[in-house]
Amino acid sequence: MSLPLNRVNFITLAVADLARARAYYEALGWVLEEAMDKVAFYDMNGAKFALFTLEGLAEETGRDIGEFKTGAMTLAQNQPSPEAVDAAYAHAIASGATPVRAPFRTDWGGYSSYVADPDGHLWEFAFNPFSPLDEAGHIA
């Protein structure tokens, strides 16, 4: 079987405190699928989202904890409207995110916002009129 190379099956974030990270993502509405001492897994409709302790990820990868950094990338969640962006941004902050940039109209014709999770991972909530969503929330 030959699978396409342009796909992602797991997104794993390194976290300083697994209990704190779980509390945040579960307050957002993510449903825990499985948890172990150093890692927790959430279903993403055919892919997985994982939270891995810094120590666990260092052990797993053979890297020094000091080599792990956050904030140099973003994870994005497209929303069906600017109003939904406002709601997602407010919900994330109410769940424990740090505001990074309040919702704003972009130069490219969209509407976007940014928050940081408790470990500093950047999340964007955006309305992109050029990438409409289907009823399942996938880019149509």
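See the structure printed just above.
**Q** Which parts of the structure should I look at to understand the overall build of the protein chain?
**A** Across its full length, the protein chain carries 3 helices and 8 strands. Compactness check: the protein chain gives a C-alpha radius of gyration of 16 Å against a globular reference of 14 Å for 140 residues, within 12% of the reference. The proportion of buried residues among the 140 residues of the protein chain is 36%. Put simply, 46% of the contacts in the protein chain that link residues at least 6 apart link residues at least 24 apart. Split by element, the accessible area of the protein chain, about 8,400 Å² in all, is 54% carbon and sulfur. Charge centroids of the protein chain, computed over 9 positive and 19 negative side chains, lie 4 Å from each other.

**Q** When you look at the pairing of strand 2 (residues 32–35) in this model, what are you seeing that I'm missing?
**A** In the sheet, strand 2 pairs with strand 3 (residues 39–43) via 3 bridges, with the strands oriented antiparallel. Paired with L32 across the bridge in strand 3 is Y42.

**Q** Sorry, what's going on with the sheet that holds strand 4 (residues 48–53) here?
**A** Pairing between the strands of a sheet is mediated by backbone hydrogen bonds and can be parallel or antiparallel. Spatial strand order, 1-4-3-2: 4 strands in an open sheet with mixed pairing. The open sheet terminates on both sides in strands that have one partner only, identified here as strand 1 (10–15) and strand 2. Here the strands of the sheet are splayed against their neighbours by 20° on average, with no regard to which way each runs. Looking at chain direction, strand 1 and strand 4 are connected through 6 bridges and run parallel. For T12, the partnering residue across the bridge sits in strand 4 and is A50. Across the face of the sheet, helix 1 (residues 18–28) comes into contact with strand 1, strand 2, strand 3 and strand 4 while running at roughly 150° to strand 4. With respect to the sheet, helix 2 (residues 54–61) is in contact with strand 1 and strand 4, its orientation differing from that of strand 4 by roughly 100°.

**Q** It is not clear to me how helix 1 should be interpreted in this structure. Could you clarify?
**A** Restricting attention to buried positions, one finds in helix 1 the residues L18, A21, Y24 and Y25. The buried residues of helix 1 all sit within an arc of 130° when viewed along its axis, so they share a single face. Among the structural elements, strand 1, strand 3, strand 4, helix 3 (82–94), strand 7 (111–116) and strand 8 (122–127) are those in contact with the buried residues of helix 1. The N-terminus of helix 1 is capped by D17, whose side-chain oxygen sits 3.1 Å from the backbone nitrogen of A19. G29 sits one or two residues past helix 1 and shows a positive phi near 115°.

**Q** Help me out: how do you make sense of the side chain of T106 in this one?
**A** Within the secondary structure, T106 is located in the loop between strand 6 (98–105) and strand 7. Classification of T106 by relative accessible area gives buried; the value is 13%. At 2.7 Å, the side chain of T106 forms a polar contact with the backbone nitrogen of G110. If sequence neighbours within four positions are ignored, T106 has contacts with Y111 and S112.

**Q** Sorry, what's going on with the nonpolar core here?
**A** What tends to happen in soluble globular proteins is that the nonpolar side chains get buried as a cluster. In terms of nonpolar packing, the biggest core is built from 21 residues, with L13, Y25, F49, L51, V115 and W123 touching the most fellow members. Secondary-structure elements contributing two or more residues to this core are strand 1, helix 1, strand 3, strand 4, helix 3, strand 7 and strand 8. With residues up to four places along the chain from it excluded, the contact list for L51 reads L13, V15, L18, A21, R22, Y25, K38, V39, A40 and Y42. Core analysis: the second largest hydrophobic core is formed by 8 residues, V39, F41, L57 and A58 among them.

The rules we used
Residues numbered from 1 in each chain as written. Predicted model: local features only at pLDDT ≥ 70, side-chain atom pairs only at ≥ 80, totals over all residues. Heavy atoms only, no water. Helix = DSSP H or I, 4+ residues; strand = E, 2+ residues; numbered from the N terminus. Rg over C-alpha atoms; globule rule 2.2 N^0.38 Å. Buried < 20%, exposed > 50% of the residue type's maximum accessible area, 1.4 Å probe, protein only. Contact = heavy atoms within 4.5 Å. Areas by Shrake-Rupley, 256 points an atom, 1.4 Å probe, with all protein chains shown as cover. Lys, Arg positive; Asp, Glu negative; His and termini not counted. Charge placed at Lys NZ, Arg CZ, Asp CG, Glu CD. Pairing = 2+ DSSP bridges. Axes fitted to C-alpha atoms, helices over the stretch in contact; angles between N-to-C directions. Arc of directions from axis to C-beta. Polar contact = N/O pair within 3.5 Å; in protein donor to acceptor, adjacent residues only side chain to side chain. Core = buried A, V, L, I, M, F, W, Y, C linked by side-chain atoms within 4.5 Å.

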